[in-house]
Amino acid sequence: MIDFRVASLVAVLLITSLVPGTAIAQSNSSTQNVKELRTQLDQLREQMNTLQSKLSELESQNASGTATPSTTPSVPQDGTIRATQPPAEVQPSKQVGEATAAYKEFSEDTVAAARFDNVPLDPKYNGFFQLPGTRTILKIGGYFKTDFIYDLKPAGNTDSFIPSSIPIPEVVSVNNSTVSIRPTRLSLDFRIPSTKVGDVRFYLEGDLFGTNATTPRLRHAYAQAKNFLVGQTFSNFMDPDAFPDTLDFQGPNGMVSIRNPQFRYGFSLSSSTTLYVSVEKPSSDVAFTTPLFTAKPNAPAPDGAIRLRQEFERGHFQIAGLFRSIAAFLPDGATGSVFGWGVNASTGVKTFGKDNLILAVAGGHGISRYLQDTSGLGIDAEVTSFTNPHLEATPAVGVEGSYQHYWVKSLRSSAIYSYAVVNNTDRAAATTYNHATYTGANLIWNAYGSLNVGAEFLYGWAMDQNGQKANAPRIQFSAKYSFVKVD
């Protein structure tokens, strides 16, 4: 729209153009007025030409559909996120100390662990990219891993070193070798930054340790928002930052290691101290047999766990408690149940340079399902009498320790020791697991980029309730290529 002033000028121009030039010339007394009017007329014509030019330009732009180019400078991109406004770099959090964030172990389990406020181990979000048209960022992680394993004696499980699976009585003069890609792993890490409930994380991970040789298996599937977690991941009774740096997929036999479907909530007690409570899927690991009956386990109530964690720059310390109801049908037809409980204390500390020390001890009654070596053996609880049957939660203890040493930046070694024991009842079968040890040492080389290769020697020793025992040495070579390489 042309404003009122311009309209007035146009009207004056039109009126002036209608005045006859001869009539003005005939009036000698008006000569000076004529000159002034002609000067104003020329100025009005120049203004009209300018307005006409601008109007033509606007009409041309509207007809062609082209917009005026924006002079706003593009947002510079940093890292690997491709977004108009990528998430700002997260400030380092005292809930994830420097030693915790920098700790490297071959299985990369620390990446999958849920963190308070969903703080990432890498505050720069390296490896993430934005899904088009959304605020969601995604990181595709995992690795391809190949193991070559050679057993000097039968070690039971061919893909993982599990002392409880060593054949007893001992079999001599039998060697075994295998090549496995089952540890290969793929993960999807979805994050939605800065929502009304804080940062939201959805994490999915699987490997090839299913029921058959290379069947996919779900390891993690959980969501966390405002420190409320729902889904399957590491038990709240476990410390995922206390996993030693081993080539062996299974790891130390006395370590608490289990992934459970659960509901969990975390509270901040201070800037570096957190308290977590969880309700987790129950499973009474009971498999005793009497002369007349084989136990049938059931789960009357979910497992509960509470965990207190303290972070500091050179490491962390945590202590967790477990509470369970273990139940099974007994020979007299009744259902027997017994209370189970456990305590797990663990720590990881940076010692000299980049070296790390890990120590953990777990103990309690009815916690065999949560220990690496005894999970699935059916010895959470055992019957104490065949004539007057009732259940007794079996006492169990597991310990582990490891030291990780860096020779140079790209070359490191770890020494590992672990022990697990279960105090069986007198009615336990003679061949029931009693105790075992796990010992190992390795050398791992970051050969190039995200390629890591290594060699490891493992030695396991196990004994049954009847005193019979066996041992098994293993040599393992592994190569792992991570899908995401971060310097």
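Please refer to the structure higher up on the page.
A quick note: this is a predicted structure, and the numbers were derived from the prediction, not measured.

Asker: Lay out the overall build of the protein in plain terms, naming residues and giving numbers.
Answerer: Within the protein one finds 5 helices and 21 strands. Out of the 487 residues in the protein, the part that is buried amounts to 44%.

Asker: I'd like to hear about the side chain of Gln95, residue by residue, with values.
Answerer: Inspection of the secondary structure puts Gln95 in the loop between helix H3 (31-64) and helix H4 (98-102). Polar side-chain contacts of Gln95 include one of 3.1 Å to the backbone oxygen of Ser271.

Asker: Would you mind going over the pattern of salt bridges in detail, with residue names and values included?
Answerer: The final tally for this structure, using the stated rule, is 21 salt bridges. In this structure, Glu205 engages Arg219 in a salt bridge whose closest nitrogen and oxygen atoms are separated by 2.7 Å. Of this pair, Glu205 sits in strand E5 (residues 198-207) while Arg219 sits in strand E6 (residues 217-225); the two residues are 14 residues apart in sequence, bridging distant segments of the chain. Residue Arg219 is classed as buried on the basis of its relative accessible area of 2%. When salt bridges that share partners are traced, they join Asp109, Arg185, Glu205, Asp207, Arg217 and Arg219 into one network.

Asker: Which residues make up the pairing of strand E13 (residues 335-350), and what values do they have?
Answerer: Sheet topology places strand E12 (residues 315-329) next to E13; 15 bridges connect them, and they run antiparallel. Note that in E13 the partner of Ile326 across the bridge is Val338. Two strands pair when backbone bridges link them, and E13 and strand E14 (residues 356-365) are joined in this way by 10 bridges, in the antiparallel orientation. Within E14, the residue paired with Gly348 across the bridge is Ile358.

Asker: Provide a residue-level description of the environment of Asp199, including the pertinent values.
Answerer: Inspection of the secondary structure puts Asp199 in strand E5. Judged by relative accessible area, which is 25%, Asp199 ranks as partly exposed. Taking the C-alpha atoms as reference points, Asp199 and Ala225, 26 residues apart in sequence, are found 6.6 Å from one another. Beyond its immediate stretch of four places on either side in the chain, Asp199 contacts Asp117, Asn118, Tyr125, Ile192, Pro193, Ser194, Gln224 and Ala225.

Conventions we followed
Residues numbered from 1 in each chain as written. Predicted model: local features only at pLDDT ≥ 70, side-chain atom pairs only at ≥ 80, totals over all residues. Heavy atoms only, no water. Helix = DSSP H or I, 4+ residues; strand = E, 2+ residues; numbered from the N terminus. Buried < 20%, exposed > 50% of the residue type's maximum accessible area, 1.4 Å probe, protein only. Polar contact = N/O pair within 3.5 Å; in protein donor to acceptor, adjacent residues only side chain to side chain. Salt bridge = Lys/Arg side-chain N within 4 Å of Asp/Glu carboxyl O. Pairing = 2+ DSSP bridges. Contact = heavy atoms within 4.5 Å.

So far we have only geometry, and geometry alone does not tell us how the molecule works.
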